[in-house]
Amino acid sequence: MGELPTRDLLDGLVVLIGGVMICVPGFIGDAIGLLLMIGPVRHLLIRGAGHRLARRVQTVDNGRWGVVNAGSRVDGDGPAPPPGPPARPLGPGGGAEG
């Protein structure tokens, strides 16, 4: 149909995570891994994560192309920090340039 199989991909990803959880020693990890193998629990988790992501993603129509802003700000937190270089240089050297 020309669409991405996102539902099937997420379903497979959750099953993979459940399989890894079962392989990790411990009762709680096994219990979580087994719960992720149950279809209705898996679909509930995927649906909940999808709704949470949809609230965070903001789509802006910019003519021909759509721009997706998936920032970590919540509406009402105030203005976004201005773009620019970081306050301190990254990497080794203790902040000395050169």
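Residues numbered from 1 in each chain as written. Predicted model: local features only at pLDDT ≥ 70, side-chain atom pairs only at ≥ 80, totals over all residues. Heavy atoms only, no water.

**Observations regarding the overall build of the protein**
Our working rule: In this text, helices come from DSSP runs of H or I with a minimum length of four residues, and strands from runs of E with a minimum of two, each type numbered from the N-terminal end. Exposure categories follow from relative accessible area, calculated using a 1.4 Å probe and restricted to protein chains: below 20% of the type maximum is buried, above 50% is exposed, and the middle band is partly exposed. Surface accessibility in these figures is a Shrake-Rupley result with a 1.4 Å probe; residues are shielded only by whichever protein chains are displayed.
When its secondary structure is counted, the protein shows 3 helices and 2 strands. Mapped in sequence order, the helices and strands of the protein form the string α-α-α-β-β. Put simply, the protein has 98 residues, and 9% of those count as buried. Total accessible area computed for the protein in this model is approximately 8,600 Å², and 65% of it derives from carbon and sulfur atoms.

**Digging into the side chain of Arg-42**
Definition in use: What qualifies as a polar contact is a pair of N or O atoms within 3.5 Å, subject to a donor-acceptor requirement within protein and to the restriction that residues adjacent in sequence count only when both atoms come from side chains. In what follows, residue pairs with any heavy atoms lying within 4.5 Å of each other are defined as contacts.
Mapped onto the elements, Arg-42 comes out in helix H3 (residues 39-56). Polar side-chain contacts of Arg-42 include one of 3.0 Å to the backbone oxygen of Met-37. Those residues within four positions of Arg-42 in sequence are excluded, and the remaining contacts are Asp-11, Val-14, Val-15, Leu-36 and Met-37.

**Re the pattern of salt bridges**
For clarity, the threshold we go by: By definition, a salt bridge exists where a carboxyl oxygen of Asp or Glu is found within 4 Å of a side-chain nitrogen of Lys or Arg.
If you walk through the whole model with that rule in mind, you get 1 salt bridge. With a shortest N-O distance of 2.4 Å, Arg-42 and Asp-11 are connected by a salt bridge. With Arg-42 in helix H3 and Asp-11 in helix H1 (residues 6-23), this residue pair connects regions lying 31 residues apart in the sequence. Its relative accessible area of 19% is what places Asp-11 among the buried residues.

**Brief notes about H1**
Residues that lie three or four places apart on an α-helix share one face, since the helix turns once every 3.6 residues. Rules: One less than the residue count of a helix, multiplied by 1.5 Å, gives the span that helix is expected to have. Read the arc as the range of directions from the helix axis to the C-beta atoms.
With 18 residues, H1 ought to run about 26 Å at 1.5 Å a step, and its terminal C-alpha atoms sit 26 Å apart, in line with that. Among the residues of H1, Asp-11, Val-14 and Gly-18 are the ones counted as buried. Angular distribution of buried residues about the axis of H1 spans 65°; they occupy a single face of the element. When the buried face of H1 is taken as reference, the exposed residues oriented beyond 90 degrees from it are Leu-9, Leu-16 and Cys-23.

**A few points about the packing of H1 against H3**
Stated formally: Here an axis means a line fitted to C-alpha atoms, over the contact stretch when the element is a helix, while the angle between two N-to-C directions is reported on a 0 to 180 degree scale. Crossings are sorted by hand: turned counterclockwise from the far helix by less than a right angle, the near helix makes the crossing left-handed, and turned clockwise it makes it right-handed. When residues are sorted by character, Ala, Val, Leu, Ile, Met, Phe, Trp, Tyr, Cys and Pro go into the nonpolar class, Asp, Glu, Lys and Arg into the charged class, and all the rest, Gly among them, into the polar class.
Across the interface, H1 lies against H3 with an axial gap of 10 Å and an inter-helix angle of 115°. In the crossing of H1 with H3, the sense of the turn from one axis to the other is right-handed. On H3, the residues touching Arg-7, Leu-10, Asp-11, Val-14 and Val-15 of H1 are Arg-42, His-43, Leu-45 and Ile-46. Looking at the contact of H1 with H3, its residues break down into 5 nonpolar, 1 polar and 3 charged.

**Points about helix H2 (residues 27-37)**
Among all positions of H2, only Gly-29, Gly-33 and Leu-36 are buried. On an axial view of H2, the arc spanned by its buried residues comes to 60°, and they lie on one face. Facing away from the buried side of H2, by more than 90 degrees, are the exposed residues Phe-27, Ile-28 and Leu-34.

**Comments concerning the confidence of the model for the protein**
Quick reminder of the rule: The quantity known as pLDDT measures the predictor's confidence residue by residue, on a range of 0 to 100.
Taken over all residues, the pLDDT of the protein has a mean of 75, while the share at 70 or more is 58%. Within the protein, H2 carries the highest mean pLDDT (92), whereas strand E1 (residues 58-62) carries the lowest (61).

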